[in-house]
Amino acid sequence: MNPKFRRFLYPIGLGVLAGLFYEFGFERLGSEWGGVMMLGFLIGVPIALGAISAHFTPADASVMNRYVVRPLLMSFAFVLAALLFKVEGVICLIIVLPLFISLGIIGVALHDLLSRRNPNRDRMPVLTGLVIFPLFIGVSETYFALPESIQRVENSVTIAASPAVVWEQIVRVPPIRAEELTDSPVDWLGFPRPVEATVTKEGLGGVRHASFEGGVLFVETVDRWEAQRCLSFSIKAQTETIPPTTFDEHIVVGGKYFDVLRGTYELQPTADGQTSLLLWSDHRLNTRLNPYAGIWTRYVMSEIQRRILTVVSHRAEAAKDIL
């Protein structure tokens, strides 16, 4: 193998091994402390990978090569290895990839900054310090409970039908045909698509069963029922019925890190005889990086709600025409 090419692949392989070592190590800590959802892994490891990349990059390498190309390849190589070794699911890896890339670049910058402070000394202590950096973060954060954040997501649509017609489409949602659902990136991420919603009885205390693909079932207990105006319910995911292959371990609905708590439909008649339909939901996050995780969960929930509203809108307008 060409020596130059070998010098290029060596740090990537070393970084992948280090990343997998930490992956298995943090996972062994278990869910009590957060496992790979810990800051030690999510922040410390990509910084360490960036430091490894910088340490083995030739001094005469271009800025683009040093600060972008190599840490980018390092992050992609680690994510690919984690996928091949089946230590993480596709959804989790897609979510963490932007984080690893950006923090990997920071790791390069930190390595170079600390190395310049002692230009005549061996850079190995700097590399060693940044590589063991995840351990210090991981040990420190075990003294703190996971923070909780409640996130609200709202979607709305104006429907060319009366509130009475729209109401009939949200109380129960008959099986949704594939062609009724618009395309969405959440399909590529592997999130289940909505199937149907039934209700045991109309009025307060009624129980809706909202089914999604992959065996996902939400039990929704109605605690606010104002005919043609508002339908609100608490949500409980039936986690025992969800197959382990439906979600990644760290984002399972109703699990330690994520849960959907409440959903509400609000109907408002408009002056021109149409209906403004608002759908909002609350979900819980318990992670070390709630602001970052919230970007993803709000997007996914918004996409799910948007698609449901699209189905309701098309069905209500079709039902109005029949009437």
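This is a predicted model, so every value here is computed, not measured.

Asks: Hey, could you run me through the pairing of strand 5 (residues 230-237) in this one?
Replies: Along any regular strand, the residues point their side chains to alternate faces of the sheet. Most of strand 5 sits inside the fold, with six of its eight residues counted as buried. Relative to strand 5, strand 4 (residues 216-226) runs antiparallel, the two sharing eight bridges. The partner of valine 222 across the bridge, within strand 5, is phenylalanine 233. Between strand 4 and strand 5, which pair antiparallel in sequence order, lie three residues; one of them, glutamine 228, sits at a positive phi of approximately 65°. Looking at chain direction, strand 5 and strand 6 (residues 258-269) are connected through five bridges and run antiparallel. Bridging across to strand 6, serine 232 finds its partner in threonine 264.

Asks: I'm lost on the packing of aromatic side chains in this one. Help?
Replies: The description of an aromatic ring pair rests on the distance of the ring centres and on the angle between the ring planes. What the rule picks out here adds up to six aromatic pairs. When the ring of phenylalanine 78 is compared with that of phenylalanine 100, the centres are 5.4 Å apart and the planes differ by 5°; the resulting orientation is stacked. Of this pair, phenylalanine 78 sits in helix 3 (residues 63-84) while phenylalanine 100 sits in helix 4 (residues 90-116), placing them 22 residues apart in sequence. Like phenylalanine 100, phenylalanine 78 is buried. Put simply, the rings of Phe41, Phe78 and Phe100 touch in pairs and so form one group of aromatic residues.

Asks: Whenever I open this one, the sheet that holds strand 2 (residues 194-199) confuses me. Can you help?
Replies: Sheet strands associate in pairs through backbone hydrogen bonding, adopting either a parallel or an antiparallel arrangement. Here seven strands make up an open sheet; going across it, the order is 1-7-6-5-4-3-2 and the pairing antiparallel. The open sheet has two edge strands, strand 1 (149-159) and strand 2, and neither has a second partner. Strand after strand, the sheet turns through a mean of 20° between neighbouring axes, direction not considered. Relative to the sheet, helix 7 (residues 163-171) contacts strand 1, strand 2, strand 3 (207-212), strand 4, strand 5, strand 6 and strand 7 (275-285), its axis offset from that of strand 6 by approximately 160°.

Asks: Would you explain the pattern of salt bridges in this entry?
Replies: Oppositely charged side chains can form a pair if their charged atoms are brought close together. In total, this model carries 15 salt bridges according to the counting rule given. Between arginine 66 and aspartate 112 there is a salt bridge; the shortest N-O distance is 2.8 Å. Here the residue arginine 66 occupies a position in helix 3, and aspartate 112 occupies one in helix 4, the gap between them amounting to 46 residues. A residue is classified by how much of its surface remains accessible, and arginine 66, at 11% relative accessible area, is buried.

Asks: What am I meant to see in the nonpolar core here?
Replies: A general feature of soluble globular proteins is that nonpolar side chains tend to end up buried together. In terms of nonpolar packing, the biggest core is built from 44 residues, with Val166, Phe218, Tyr265 and Leu277 touching the most fellow members. Ranked by residue count, the leading element in this core is helix 9 (residues 290-322), at nine residues. In this view, valine 166 contacts Ile159, Ala161, Leu267, Thr275, Leu277, Val312 and Ala316; residues no more than four positions away in its chain are not counted.

Asks: It is not clear to me how helix 2 (residues 39-55) should be interpreted in this structure. Could you clarify?
Replies: Think of an α-helix as turning once every 3.6 residues; residues three or four places apart then point the same way. For helix 2, spanning 17 residues, the distance from its first C-alpha to its last is 23 Å, which sits close to the expected 24 Å at 1.5 Å a residue. Roughly 30° is the biggest bend found in helix 2, and it falls at valine 45, with proline proline 46 one to four residues downstream. Burial within helix 2 is extensive, with 15 of its 17 residues counted as buried.

Asks: Looking at this structure, I do not really get the pairing of strand 3. What am I missing?
Replies: Of the strand pairs in this sheet, strand 2 and strand 3 are connected by five bridges, and their pairing is antiparallel. Residue pairing for strand 3: threonine 198 is matched across the bridge by histidine 209. Counting the residues that bridge the hairpin from strand 3 to strand 4 gives three residues, and of these glycine 214 lies at a positive phi of roughly 80°.

Asks: Would you take a moment to explain the packing of helix 3 against helix 4 for this structure?
Replies: For any two helices packed against each other, the geometry comes down to the angle between their axes and how far apart the axes lie. Close contact between helix 3 and helix 4 brings their axes to 9 Å; oriented N to C, the two are set at 140°. With respect to helix 4, the axis of helix 3 lies oblique. Here the hand of the crossing between helix 3 and helix 4 comes out right-handed. The segment helix 3 lies against helix 4, with Arg66, Tyr67, Pro71, Leu72, Ser75, Phe76, Phe78, Val79, Ala82 and Leu83 engaging Val90, Leu93, Leu97, Phe100, Ile101, Gly104, Ile105, Val108, Ala109, His111, Asp112 and Arg116. Tallied by class, the residues present in the contact of helix 3 with helix 4 amount to 16 nonpolar, three polar and three charged.

Asks: Teacher, can you tell me more about helix 6 (residues 133-141) here?
Replies: Here helix 6 has its buried residues at Pro134, Ile137, Gly138 and Glu141. Projected onto a plane normal to the axis of helix 6, the buried residues spread over an arc of 100° and lie on a single side. Every exposed residue of helix 6 that faces more than 90 degrees away from the buried side is listed here: Phe136 and Val139.

Asks: What is the right way to look at the environment of serine 149 in this model?
Replies: Along the chain, serine 149 falls in strand 1. Each C-alpha atom of the pair serine 149 and arginine 284 lies 5.8 Å from the other, and the pair is 135 residues apart in sequence. Setting aside residues up to four positions removed in sequence, serine 149 forms contacts with His283, Arg284, Leu285 and Asn290. For serine 149, the side chain forms a polar contact with the side chain of glutamine 151, separated by 2.8 Å.

What counts, and at which threshold
- Residues numbered from 1 in each chain as written.
- Predicted model: local features only at pLDDT ≥ 70, side-chain atom pairs only at ≥ 80, totals over all residues.
- Heavy atoms only, no water.
- Buried < 20%, exposed > 50% of the residue type's maximum accessible area, 1.4 Å probe, protein only.
- Helix = DSSP H or I, 4+ residues; strand = E, 2+ residues; numbered from the N terminus.
- Pairing = 2+ DSSP bridges.
- Phe/Tyr/Trp six-rings, centres within 6.5 Å; stacked < 30°, edge-to-face > 60°.
- Axes fitted to C-alpha atoms, helices over the stretch in contact; angles between N-to-C directions.
- Contact = heavy atoms within 4.5 Å.
- Salt bridge = Lys/Arg side-chain N within 4 Å of Asp/Glu carboxyl O.
- Core = buried A, V, L, I, M, F, W, Y, C linked by side-chain atoms within 4.5 Å.
- Expected span 1.5 Å × (residues − 1).
- Bend = angle between axes of the 7 residues up to and from the residue.
- Parallel < 35°, antiparallel > 145°, perpendicular 65-115°, else oblique.
- Left-handed = near helix turned anticlockwise from the far one by under 90°.
- Nonpolar A, V, L, I, M, F, W, Y, C, P; charged D, E, K, R; others polar.
- Arc of directions from axis to C-beta.
- Polar contact = N/O pair within 3.5 Å; in protein donor to acceptor, adjacent residues only side chain to side chain.

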